[in-house]
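So you can see what is in the structure, the chains are spelled out below.
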Amino acid sequence: MLLEAESVSRAFGGFLALSEATLGVERGEIVGLIGPNGAGKSTFFNCIAGDLPPTGGRIVFDGVDVTAAPAEEHARRGIGRTFQVPATFEDMTILENVMVGAFLRHHRTRDAHAKAMEVLRLTGLEAQAQQRARSLGTPGRKRLEIARVMATEPKLLLLDEALAGLTPSEIQRAIELVRRIHATGMTIVIVEHIMEVILTLAERVLVFNQGRTIAQGKPQDVVNDPKVIEAYLGHHHRRRRARKAEP
Amino acid sequence: MRLAWGPIALWAALLLFPLAVSVSDSAAFLDDVGTTLILAAIGASAWNIVGGYAGQVSVGHAIFFGSGAYVTLLVYELWELPPLLGLPLAMIVAVLFAVAIGLPSFRLTGHYFSMATIAVAELVRLVVSNWPLLGEAIGIQGPATPRGWWDLIFRSSVPYYYIDLAVLAFVLALTYAMERSRFGYYLRAIRAGERAARSLGVPVLRTKLMAFMLSAALTAVAGALYSFKLGFVNPESGIGILVSVQMIIIAALGGAGTLYGPLIGALLLIPLQSATNTIWGGGGSGLTFIIYGGIILLLARFEPGGLIELWRRVGAATFARPKRGAADAA
C-alpha cells in the first residue's frame, strides 16, 4: 500500500469539513475523489498533500507517517500535487517553472535543465519552453502544473480538478496526458466533479458528501448507487431514475 | 540571444568615468557623485537579493548598512584599529541581526513583513541614538589622518570610486551566479507563490532566511565602504529610514529582481539627487522625499517591473510580437 489515510478529519473552528475519511491507494492505481461542491473532497486532498494538517486521524505514505509533516516534506517524500486554481510562477518561463520542480532531485542547474526538458517533451510543452507562464491560458497552465510536479519525480500524483474549466476537446487531450503519465507506472489520485472524467479514468472512486465518504468502489457501480445519485442530483432525480428503470 | 555589448559598454563607461571627467573643472565633484552612485548601486544590489529576487520587501536594511558603518568605525574608536579590520565583524553583526529579524518575521508575508522590518529598524535607530558608546545622536568618527594605506583615507574620491566599483562587480557576479543556481530559482519561485513553491519541495523559510543573511552581509559591506569614505556616521546617515528607502527606490526604479536593475536605478537617481542638492542646497532632503514619493507613484501606477521591464516590453513589442494564447493551442 503506497498511501494509507485512516479516519482523517479536519475541522475549521466548529465546522467539521471532513469527518473520518479512510482511503488506501495501491501502487499504480488511479483513484478518483468525487462529490458535489463543499463535500470535503478538496479538504481531504489538501490533508494528503500536506497543505492542511488533519485535526484527527493519520496518514501514512510509503511506510512513513506524514500526518503532521509540512507540505515541502510531502514533496520530498514523493507526494506531488497540482492546484485547483493553477499557481504557476507567472513571471518565469515555462522551462524555469518546470526547473523549480526538477531542482528537488537534481541540485545542479544542468541536470535540472535536462530533467525539465524531458518532462516538457512528455507533457507536450516543449515548443513553449521559453515563453513566460503568464502567456498561457487555463489549459496551458493546468498542463504546466502537471509538468512542474512531474519534474519532482513523485511516487504519487495528486490532481486537483485538473480538468475543470476545459472545453470537451481540451478535456480529451488532458485525459490522454493523464493516461500517458499513468502508463509510466505513476499512482494517481484525482479530485474531479465532472463524472465523465472519473468514469473514463479512475479504477476506483471515493464519493464524498457533507464531509463524509458515502460510497466507494468501481465507477460504474458507484454512479448507480442511490446515495450517490441523491447527493449529486437530489431526491427528485432519484425518483425519476427509479421510475425510468421500472418498466 | 541578446547581445552582451550593453553590459560591456556599461562597465567600460564605469571604468573610464574618473578619467573622462578629470579634464572637467568640477572633476572632484563629479568623482564624488560617481562614488556615491556606485555605493548606492552596491546597497541596492544587496537589497535586491532578498527584496527583489525573493520578493521580501525589507524596509529595515538600514540596520545592516548601519552595522557596516558603525562597527568599522567602532573598532577604531575602541582599539584604534583600522576600520577595514572591522569589516568581518560588521558582516557578522549584520548577519546576526538578519537571523534575529528573519526568524520571527518571515512567518509574516507581504506588507506585514515590510512593516515588521520598519518597526525593528526604527527601534535600532532609537537605541543607537541613545547609546553613549555609539556616540548617541552625534555619531562616531574614524581616524582623522591616515596612519598608513590600511586606514583607507584618500584626499581624492577616485580611489574610493575604484574600490567601490570592484565591490559592485563582485556583488553583481555573485548575483549572476545565484540567478543561475538552484538557490536563485527557489527565490524567484518563493516570490511568485509560496504555497506552490512549498508544494514542489522548496524549503521556504530556510531559503528566505539564507537570502536575508546574504543580503545583510553585503549591505554591511556597503555601510563599511560608506564609513571608509566619509570617516563619520550618525544615526540619520547610518540607520535612518531614508537609507532603507533609497535602496528600495533605486532597485525598484531600475527593476527589482533583475541583475542590472539596481545599477540602472542608481545611474538615474543619484545624479538627479546630486543635482537637486546642488541647486537647492544641501538641505534638500525634503525634496529627496518628494522625488522618492513621485517615483513610487509612477512605478506603482505604470510599471511595477521597473525600467528594465519597460525596456523589455517596448523591445518585445517592436521586434517580435508574441502571440498571446498561442501556447494553448498546442
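Data block above holds the structure.
Residues numbered from 1 in each chain as written. Chains lettered and ligands numbered in written order. Predicted model: local features only at pLDDT ≥ 70, side-chain atom pairs only at ≥ 80, totals over all residues.

Student: Is there a simple way to explain the overall build of chain A in this structure?
Tutor: Secondary structure summary: chain A contains ten helices and ten strands in total. The globule rule puts the C-alpha radius of gyration for 247 residues at 18 Å, and the 19 Å found for chain A is close to it. Dimensions of chain A along its principal axes, counting C-alpha atoms only, are 65 × 40 × 30 Å. Out of the 247 residues in chain A, the part that is buried amounts to 44%. Residue pairs at least 24 apart in sequence account for 64% of intrachain contacts in chain A once pairs closer than 6 positions are excluded. (Helix = DSSP H or I, 4+ residues; strand = E, 2+ residues; numbered from the N terminus. Rg over C-alpha atoms; globule rule 2.2 N^0.38 Å. Buried ≥ 20, exposed ≤ 12 C-beta atoms within 10 Å, placed from the backbone. Contact = placed C-beta atoms within 7 Å.)

Student: Mind showing me how you'd approach the environment of Phe65(B) here?
Tutor: Residue and element names in this part refer to chain B. Inspection of the secondary structure assignment puts Phe65 in helix 3 (residues 62-79). Using a count of 33 C-beta atoms within 10 Å as the deciding quantity, one classes Phe65 as buried. Through-space distance from the C-alpha of Phe65 to that of Ser227 is 10.0 Å; in sequence the pair is 162 residues apart. Contacts of Phe65, omitting those with residues within four sequence positions, involve Gly43, Thr219, Ala222, Gly223, Gly238 and Val243.

Student: Is there a simple way to think about the sheet that holds strand 8 (residues 187-191) of chain A in this case?
Tutor: Residue and element names in this part refer to chain A. Within the open sheet, the six strands sit side by side as 6-7-8-3-9-10. Their pairing is mixed. Either end of the sheet is taken by a strand with one partner, and the two such strands are strand 6 (79-81) and strand 10 (212-217). Strand-to-strand twist in this sheet, taken as the mean axis angle between neighbours without regard to direction, amounts to 20°. Sheet topology note: the strand 3 (residues 30-34)/strand 8 ladder contains four bridges and is parallel. If you follow Leu33 over to strand 8, its bridge partner there is Val191. Contacts between helix 1 (residues 41-49) and the sheet are confined to strand 3, strand 6, strand 7 (156-160), strand 8 and strand 9 (204-209), with strand 7 contributing the most and set at about 150° to the helix. (Pairing = 2+ DSSP bridges. Axes fitted to C-alpha atoms, helices over the stretch in contact; angles between N-to-C directions.)

Student: Would you take a moment to explain the sheet that holds strand 2 (residues 15-25) of chain A for this structure?
Tutor: Pairing between the strands of a sheet is mediated by backbone hydrogen bonds and can be parallel or antiparallel. Residue and element names in this part refer to chain A. Across the sheet, which stays open at both edges, the four strands sit in the order 2-1-4-5 with antiparallel pairing between neighbours. What marks the edges here is a single partner per strand, and that holds for strand 2 and strand 5 (64-65). Contacting strand 1 (3-12), strand 2 and strand 4 (56-61), helix 1 crosses the sheet at an angle of about 120° to strand 1.

Student: Which parts of the structure should I look at to understand the interface of chain B and chain A?
Tutor: Contacts between chain B and chain A engage 24 residues on the former and 33 residues on the latter. The element that contributes the greatest number of residues to the side of chain B that touches chain A is helix 7 (residues 182-192) of chain B, accounting for six residues. Grouping the constituent residues of the side of chain B that touches chain A by class yields twelve nonpolar, five polar and seven charged. (Nonpolar A, V, L, I, M, F, W, Y, C, P; charged D, E, K, R; others polar.)

Student: Please clarify how the nonpolar core should be interpreted in this entry.
Tutor: Ile48(A), Val98(A), Ile42(B), Ala94(B), Ala216(B) and Ala266(B) are the most contacted members of the largest nonpolar core, which totals 164 residues. When sequence neighbours within four positions are dropped, the list of residues in contact with Val98(A) reads Ala116(A), Val119(A), Leu120(A), Ala147(A), Arg148(A) and Ala151(A). (Core = buried A, V, L, I, M, F, W, Y, C linked by C-beta atoms within 7 Å.)

Student: Sorry if this is basic, but what is going on with the packing of helix 11 (residues 241-254) of chain B against helix 12 (residues 261-280) of chain B here?
Tutor: Helix-helix packing: each pair is described by the crossing angle between the helix axes and the interaxial distance. All names here are of chain B. One can describe the packing of helix 11 onto helix 12 by two numbers: an axis separation of 6 Å at closest approach and a directional angle of 105°. One finds that helix 11 runs roughly perpendicular with respect to helix 12. Residues Ile249, Ile250, Ala251, Leu253 and Gly254 of helix 11 touch helix 12, and the partners they reach there are Gly261, Pro262, Leu263, Ile264, Gly265, Ala266, Leu268 and Leu269. Here the contact of helix 11 with helix 12 is built from residues that sort into ten nonpolar, three polar and no charged. (Parallel < 35°, antiparallel > 145°, perpendicular 65-115°, else oblique.)

Student: Is there a simple way to explain helix 11 of chain B in this structure?
Tutor: Each α-helix turn comprises 3.6 residues. Residues three or four places apart therefore point the same way. All names here are of chain B. The end-to-end C-alpha distance of helix 11, which contains 14 residues, comes to 20 Å, matching closely the 20 Å that a straight helix rising 1.5 Å per residue would cover. When we look at burial in helix 11, the residues that qualify are Val243, Ser244, Gln246, Met247, Ile248, Ile249, Ile250, Ala251, Ala252, Leu253 and Gly254. In the segment just after helix 11, Gly255 is the residue with positive phi, at about 145°. (Expected span 1.5 Å × (residues − 1).)

No statement about biological role is implied by the geometric values presented.
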